[in-house]
Amino acid sequence: MTNSSTGAQARDGNTLGGLPEWDLSHLYPGMDSQAFADDLTQAEEECKAFAAAYRGKLAAMAAAPDASEQLAAVVARYEKLEDLLGRLMSYAGLVYSGDTTDPKRGKFYGDTQERLTAASSDLLFFTLELNRIDDKVLAAAASRAPLAHWRPWLEDIAKDKPFQLDDRIEQLFHEKSVTGRAAWNRLFDETIASLRFTVDGEELTLEPTLNKLQEPQEEVRRAGAEALAQVFRANLRTFTLVTNTLAKDKEISDRWRSFEDVADSRHLANRVEREVVEALVKAVHEAYPRLSHRYYALKARWFGKDKLAHWDRNAPLPKVEMRTIGWEEARDTVLGAYGEFSPQMADIARRFFDERWIDAPVRPGKAPGAFAHPTVPSAHPYVLLNYLGKPRDVMTLAHELGHGVHQVLAAPNGALMAPTPLTLAETASVFGEMLTFRRLLDATSDKRQRKAMLAAKVEDMINTVVRQIAFYTFERLVHTERRAGELTSERLCELWLKVQTESLGPSVDLRPGYEVFWAYIPHFIHSPFYVYAYAFGDCLVNSLYGVYEGAREGFAERYLAMLAAGGTKHHSELLAPFGLDARDPAFWQIGLGMVDRLITELEGLED
């Protein structure tokens, strides 16, 4: 790909330095490469061969004297095939995310997705058939080597058993996803990427426009917010249709699979009990007054206002110098924080910079936001950023590298057991942020700068805990109402304002235009009910960090071992070495208490 970081540098007076672009040739040389074409053909042929060899034969294998050996060979072949399929789809997805408005990339991504969906339908029988084997028979085979290696995976897929459908229905759901859920996801992505916002005569994409809400000048923040509202409103019909269609699509799937609650399928995917999530949500709802309501009242006083307009919510503090942080400084800050905690953690993170696993500059058409893509264990993760040199961008870098380190450590578990449930996937990312924040804070003696840093951290925590639980609450309302029929644009806006008013409190004035800000949140579209994982991770990290501060000896080793477990253990097993239990309702108060204490510290720093 061509280097297009010069535009970002020019806008910031050349202060960002050279921003890296990722090198996807570690996966394939190019979209048109023979290597990609050959692997795609091989994947299709291997899927058919796998089905021909094993469909309808697993029960007999499990009953054989050498069941462990026979089944282990099949699982190993399946895992290798999953790695190949994942490599192909990861490459297509990453190429597409680099410019979602490029028709050639869009076609490449769509064609790859169609062919892989068709090919992988031949594999659907495998986990369904494994789950039909008598529990005791399969457990006996998995108690011995070599199948014992995959025992955590076999136990994990067994949790899906009550919600499985007949093979042909599963195949239909799978194949229809290309023209159903996946197509609506793509429509949303391409719509978002094509939006242009005019702010003070400058035409911008979504990320730089959202960035205006963090500018020191109120008129710039207001102009950014009004531009966002105007364009979202103009496209509300599309966003409403996408939201209604995907909510109905989910309702159909949930009904066929006999999920009771609108979020139960997410809880199952996250391997977390509904009661645990309900306890988290209840704790955060009850904490609104002492966290977000209290903080925004404090911030309004700093700004000399009775109420903050919604575009002031993430504004930098008045009378504090705002500087642009160059890429090299951001890199050194995060690696330094990681290195103080664990040299091994820093060494892994350094590879992302040295080996071009990061794509940092803002480009027209590039996917907004940030992510860390694990790809597959036979390759390595990639990180996408939209780096503009704000302090929050440094925290985003720390966050995504936390994911990346986690993914590298978990990779040796293989394609079937490396993936981590979302609730625990957010732990490493938020812990990386916390390490970076603490290092920066400890190095700051200036009272005003310290206050600004504490305020930024509290705002990040509120955005991660309060805001994400408000998002979850909004999703619950939308999906519950959708069961009775479509929601109009106006109704979606009403629900959004209701939830945001409750969570942000009386000191934030949600001005006209804010009612449409639900429209751009990608998690609502790509991963329904994902958002509580952020709050889960943040509260969990706050608790972990409390353990770390109380007894640092040996903590880093236990922490890295937790990350290296990947998806092989339940959250209760992973947290036991730290003396923590997320099933205890009091657990959530530990994490929320840290936010409370930081707000108290800020109150003591008032001018």
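This structure is a prediction, so every number in the text was calculated from the model and none was measured.

Chemist: Tell me about the layout of surface pockets, residues and numbers included.
Modeler: Taken as a whole, the second largest pocket encloses approximately 740 Å³ of empty space. I325, P391, Q449, M453 and A456 are, among the 29 residues lining the second largest pocket, the residues nearest its centre. Those elements giving two or more residues to the lining of the second largest pocket turn out to be helix 17 (327–341), helix 19 (391–410), helix 20 (422–442) and helix 21 (447–464). Ranked by the residues each element gives to the lining of the second largest pocket, the list is headed by helix 21, at 8 residues. Tallied by class, the residues present in the lining of the second largest pocket amount to 17 nonpolar, 5 polar and 7 charged. Mapped onto the domain boundaries, the lining of the second largest pocket takes at least three residues apiece from domain 2 (183–320 + 447–604) and domain 3 (327–421).

Chemist: Can you break down the environment of S97 residue by residue, with the values?
Modeler: Looking at the element boundaries, S97 is found in helix 4 (residues 67–98). The class for S97 is buried, based on a relative accessible area of 5%. It is 5.8 Å that separates the C-alpha atoms of S97 and K366, two residues lying 269 residues apart in sequence.

Chemist: Can you lay out the sheet that holds strand 5 (residues 371–373) for me, pointing to particular residues and giving the numbers?
Modeler: Here 3 strands make up an open sheet; going across it, the order is 4-6-5 and the pairing mixed. Each edge of the open sheet is held by one strand with a lone partner, namely strand 4 (358–359) and strand 5. Two strands pair when backbone bridges link them, and strand 4 and strand 6 (residues 382–384) are joined in this way by 2 bridges, in the parallel orientation. Bridged to I358 within strand 6 is V383.

Chemist: Explain empty space enclosed by the protein residue by residue, including any values.
Modeler: The rolling of a water-molecule-sized probe over the atoms marks out the regions of remaining empty space. By the definition in use, this model includes 5 cavities of 30 Å³ or more. One number sums up the size of the largest cavity: a volume of about 150 Å³. Taken together, 16 residues make up the lining of the largest cavity; nearest its centre are T243, V478, H479, F524 and I525. Of all the elements in the fold, those that place two or more residues in the lining of the largest cavity are helix 13 (236–257), helix 22 (466–482) and helix 24 (522–526). Here the lining of the largest cavity gets 5 residues from one element, more than from any other, and that element is helix 13. Taken as a whole, the second largest cavity spans an internal volume of roughly 70 Å³. Considering the residues around the second largest cavity, the lining is formed by I192, A193, T205, L206, E207, V362, R363, K366, P368 and N386. Contributing elements (two or more residues each) for the lining of the second largest cavity: helix 10 (181–194) and helix 11 (206–211).

Parameters and conventions
Residues numbered from 1 in each chain as written. Predicted model: local features only at pLDDT ≥ 70, side-chain atom pairs only at ≥ 80, totals over all residues. Heavy atoms only, no water. 1 Å grid on protein atoms, 1.4 Å probe; cavity = no way out; pocket = protein on both sides within 12 Å on 5 of 7 lines; lining within 4 Å. Points joined across faces, edges and corners; volume = space filled by probe spheres on them. Helix = DSSP H or I, 4+ residues; strand = E, 2+ residues; numbered from the N terminus. Nonpolar A, V, L, I, M, F, W, Y, C, P; charged D, E, K, R; others polar. Domains from an automatic or database assignment. Buried < 20%, exposed > 50% of the residue type's maximum accessible area, 1.4 Å probe, protein only. Pairing = 2+ DSSP bridges.

Nothing here speaks to function; it is all geometry.
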